[in-house]
Amino acid sequence: MARALAITALVLFAWAAHAQTDLDELERHEAERAQAFSDGFREIIDELNRGSFDRFVNAIDRSAMLERIFGLRLIDQKMKRDFGDQMKEQGRFAGFIASSYQEEAKDGIKAMLLLVESRGDRGRAVVRFDMPYFQANYVEYDLRLHDDNRIEIVDWTDYGWGHVFSDRMGLAMVQAQPNPNAVRKLVDFPSVQQSQVFQLTEVLKATRDRKFDRLFQIIDLLDPEMRRQRVVWKLSLDATRESRKRREQRRVLQAIDEYYASDALFALPLLDYYFPDRQYQKAYDALVRVRDKLRIDDALTNARLSAALLVMENVDEANAMADKAVAQEPGLELAWWSQFRARVAAGNYESALEPASQLATEFGHRLDEETLAKDPSMRDFARSAEYRRWRSEDAGSD
């Protein structure tokens, strides 16, 4: 009996050792793939920052992307053939992809890789694209890793514009030449009436042709069920933004706030409505939705959260968030502005001199008394002994 138990124990020990070896091998292989995802996608982003889309474009499986764009959409066959032919030409395809980053590339692409996660051969990455006037876009990439550690970009979700790339391209092709059957498939409820299909077709045409009087005329006639259709507001938002029609864009964003306020894909566009309209709690909530959806902890978002907290008079949290943003990314100008304003609002004039010095020396801002006095929130600081001493020391160093 004792011998049998000993043999059983030996077998179990051998099995456990073998299982542990297999587990260690799996973990090692997973770590290698994770590193390949991180290194490979960082190379793609580094090349974007150098002004080239070649590596990005070459990482896209064009036939798979075409399938995603066409999907089950009823697109004109000639249009599909022409579009497919264009994607086969490297130069035209690269230009097509680059055009979708037109806003980000206006003053040269400034992309920061925030996150790469993976499991097996599938991964995701989040990139922040910095733009003028402290604006930024966040794009989430769906990735695949091949056996040779080659990264493939499967698709991406653009939070600045509120769409998945392949979905928006497919919708654009329906929009270019809408037909009743294709339009009917865009509606998210059954038993669509012919009159409703006609109305949505007119929305597609009006947004395509940038005829905004006609667009809002149709929208005003939509029944409640059709007014809630995402496609109506998605196309309307894109058209008004691309045409820089601010009044019309505001009207669209008001409707999106009514129907899709909790949708993370619309959160960043809604900031263009919330902040000017002084709906600071909604702006704060929208930023949190994007942050949580993307699972990021990013200096720029934290700096904007600090600004929202400050105008809501939550000074302590605004300071904490601003300090965090500066610690995360010392080279981010907006983080220093957030810290400067938060410390001034808290009456911590001595500690406000540090971000003031950074803004003056590193970013070239004139923080003389006359300039600060134009901002009511800065007037007391500009009259303070701390500020006057700092200015005199600064003048002495000159």
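The numbers attached to residues start from 1 for each chain and follow its sequence in the written order. Whole-chain, interface and lining totals are the exception, using all residues; otherwise, since this is a predicted model, local features are given only for residues with pLDDT of at least 70 and side-chain atom pairs are given and counted only at 80 or more. The side-chain values count all of the structure's non-hydrogen atoms but skip hydrogen atoms and water molecules.

Draft legend 1. Region of interest: the nonpolar core. For our purposes a nonpolar core is just a set of buried Ala, Val, Leu, Ile, Met, Phe, Trp, Tyr and Cys residues, chained together by side-chain atoms within 4.5 Å. In this scheme, a residue with accessible area under 20% of its type's maximum is buried, one over 50% is exposed, and one in between is partly exposed, where area comes from a 1.4 Å probe on protein chains only. Counting 123 residues, the largest nonpolar core has Phe41, Tyr141 and Trp156 as its most contacted members. Whether two residues are in contact is decided by their heavy atoms: any pair within 4.5 Å suffices. Excluding residues that lie within four positions of it along the chain, Trp156 makes contacts with Phe56, Ile60, Met65, Ile97, Ser100, Tyr101, Val139, Glu140, Tyr141, His163, Val164 and Phe165.

Draft legend 2. Representation of the side chain of Glu152. For helices the rule is a DSSP run of H or I covering at least 4 residues; for strands it is a run of E covering at least 2, with both sets numbered from the N terminus onward. Among the structural elements, Glu152 can be located in strand S4 (residues 151–158). On the accessibility criterion, Glu152 (4% relative accessible area) is buried. Pairs of N or O atoms are called polar contacts if they sit within 3.5 Å, as long as, within protein, a hydrogen donor faces a hydrogen acceptor (for residues adjacent in sequence, only side-chain-to-side-chain pairs). Polar contacts involving the side chain of Glu152 include one to the side chain of His146, which spans 2.7 Å. Not counting chain neighbours up to four residues away, the residues in contact with Glu152 comprise Ala59, Asp61, Asp142, Leu143, Arg144 and His146.

Draft legend 3. Just the environment of Pro132, in detail. Inspection of the secondary structure puts Pro132 in the loop between strand S2 (122–131) and strand S3 (135–145). Distance in space between the C-alpha atoms of Pro132 and Glu104 is 9.1 Å, their sequence separation being 28 residues.

Draft legend 4. Structural detail: the packing of aromatic side chains. In this analysis, rings of Phe, Tyr and Trp, with Trp reduced to its six-membered ring, are considered paired at centre separations within 6.5 Å, and the interplanar angle assigns stacked below 30 degrees, edge-to-face beyond 60, and tilted for intermediate values. In total, this model carries 22 aromatic pairs according to the counting rule given. Ring centres 5.2 Å apart and planes at 55 degrees place the aromatic pair Phe41 and Tyr141 in the tilted group. Of the two residues, Phe41 sits in helix H1 (residues 2–49) while Tyr141 sits in strand S3, which places them 100 residues apart along the sequence. Comparing Phe41 with Tyr141 shows no difference in burial state: the two are buried. Ring geometry for Trp337 versus Phe340: centroids 6.1 Å apart, planes at 50 degrees, classification tilted. Residue Trp337 and its partner Phe340 are located together in helix H17 (residues 333–345), separated by 3 residues, close to a single helical turn. Comparing Trp337 with Phe340 shows no difference in burial state: the two are buried. Among the aromatic side chains, those forming a connected cluster through ring pairs are Phe41, Phe53, Phe56, Phe70, Phe83, Phe96, Tyr101, Phe129, Tyr141, Trp156 and Phe165. A cation over an aromatic ring shows up here: Arg230 above the ring of Tyr260, its NZ or CZ 5.6 Å from the ring centre. Any Lys NZ or Arg CZ found within 6 Å of a ring centre and within 35 degrees of that ring's normal is scored as a charge over the ring.

These figures come from the coordinates and say nothing about function on their own.
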